Amino acid sequence: MWFQMVSMVLEVVAGLVAGTCLLRFLMQWQRVSFNQPLGRFVFAMTDWLILPLRKVIPSVSAWDLSSLVAAWLVKLVQFLLLWLVAGGQGALGLLPLVGLIGLAQLLVSALSALVLVLAITSWVNPGSPVHVLAMRLCEPFLRPFQRVVPLMGGIDLSPIALLLVLQLLGMLLSGLQMSLMR
């Protein structure tokens, strides 16, 4: 029971910090302005980790690699702490890979939530700043689906197709992670 409680707390804390690092990466990649409340929150949550990493990890084009490495390091620390709480059972050498898979799972979950926010705001208030931000962040992921999935009666079903693919990917990643942690 203690392990489950510690696991849940670590998942929430690591998910919040690593997820914010991923959001920073995505916002910089899509050139979203940080001069708004969400941008200031992202800086406040991640500067302590990303700024020192930028001294050793340069950006490549529009890709802020220090944000990605920061997110991976947070997930790695999460799984290292879980490994220690579990009594050091399992292969310590697999933790970097387990952390990478955990980061991919977080990305899938966060993108799924973002697509849901986009869909709901498109029905409720398509002109809101939240909808515009969600659209800018989801656009690179939706574009391939929009090329394949036709409009049905003027309704864009590409978010549903993307959500389906994300859910399948999440299941695959979960199975892979479980097989590595045994």
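Criteria and cut-off values
Residues numbered from 1 in each chain as written. Predicted model: local features only at pLDDT ≥ 70, side-chain atom pairs only at ≥ 80, totals over all residues. Heavy atoms only, no water. Core = buried A, V, L, I, M, F, W, Y, C linked by side-chain atoms within 4.5 Å. Buried < 20%, exposed > 50% of the residue type's maximum accessible area, 1.4 Å probe, protein only. Helix = DSSP H or I, 4+ residues; strand = E, 2+ residues; numbered from the N terminus. Contact = heavy atoms within 4.5 Å. Salt bridge = Lys/Arg side-chain N within 4 Å of Asp/Glu carboxyl O. Phe/Tyr/Trp six-rings, centres within 6.5 Å; stacked < 30°, edge-to-face > 60°. Patch = residues over 30% accessible without salt bridge, like charges linked within 9 Å, V, L, I, M, F, W, Y side chains within 5 Å. Areas by Shrake-Rupley, 256 points an atom, 1.4 Å probe, with all protein chains shown as cover.

Visitor: Is there a simple way to think about the nonpolar core in this case?
Guide: The tendency in soluble globular proteins is for nonpolar side chains to be buried as a group. Within the largest apolar cluster, 30 residues are counted, with the highest numbers of intra-cluster contacts made by M27, L114, L137, C138 and L162. Counting residues per element, the ones that place at least two in this core are α1 (2-29), α3 (65-85), α4 (95-124), α5 (129-148) and α6 (158-181). The element contributing the most residues to this core is α4, with eight residues. The residues touching C138, leaving out its near neighbours within four places in the chain, are L114, V115 and L118.

Visitor: Help me understand the pattern of salt bridges, please; the structure alone is not making it clear to me.
Guide: Side chains carrying opposite charge are able to pair once their charged atoms draw close together. Evaluation of the coordinates by the stated rule reveals four salt bridges. The salt bridge involving D47 is made with R24; its shortest N-O contact spans 2.7 Å. Taken as a pair, D47 in helix α2 (residues 37-54) and R24 in helix α1 lie far apart in primary sequence, 23 residues in all. For R54, the salt bridge identified is with D64, shortest N-O distance 3.0 Å. With a gap of ten residues between them, R54 in helix α2 and D64 in the loop between α2 and α3 connect regions that are remote in the sequence.

Visitor: Would you mind showing me how to read the packing of aromatic side chains here?
Guide: Ring pairs (aromatic) are described by centroid distance and by the angle formed between their planes. Under the definition given, this model contains five aromatic pairs. Centroid distance W29 to W63: 5.2 Å. Interplanar angle 25°. Geometry classified as stacked. Taken as a pair, W29 in helix α1 and W63 in the loop between α2 and α3 lie far apart in primary sequence, 34 residues in all. When its relative accessible area of 38% is taken as the criterion, W63 is described as partly exposed. Between W29 and F141 the ring centres are 6.1 Å apart and the planes differ by 70°, which places this aromatic pair in the edge-to-face class. A residue pair is termed long-range when its members are at least 10 positions apart, and W29 in helix α1 and F141 in helix α5 qualify at 112 residues. Counting every residue linked through ring pairs, the aromatic cluster contains F25, W29, W63 and F141.

Visitor: Teacher, can you tell me more about a nonpolar patch on the surface here?
Guide: A contiguous nonpolar patch, built from V77, L80, L81, L84 and L92 and spanning about 410 Å² of accessible area, is present on the exposed surface. Relative to the assigned elements, L81 resides in helix α3.

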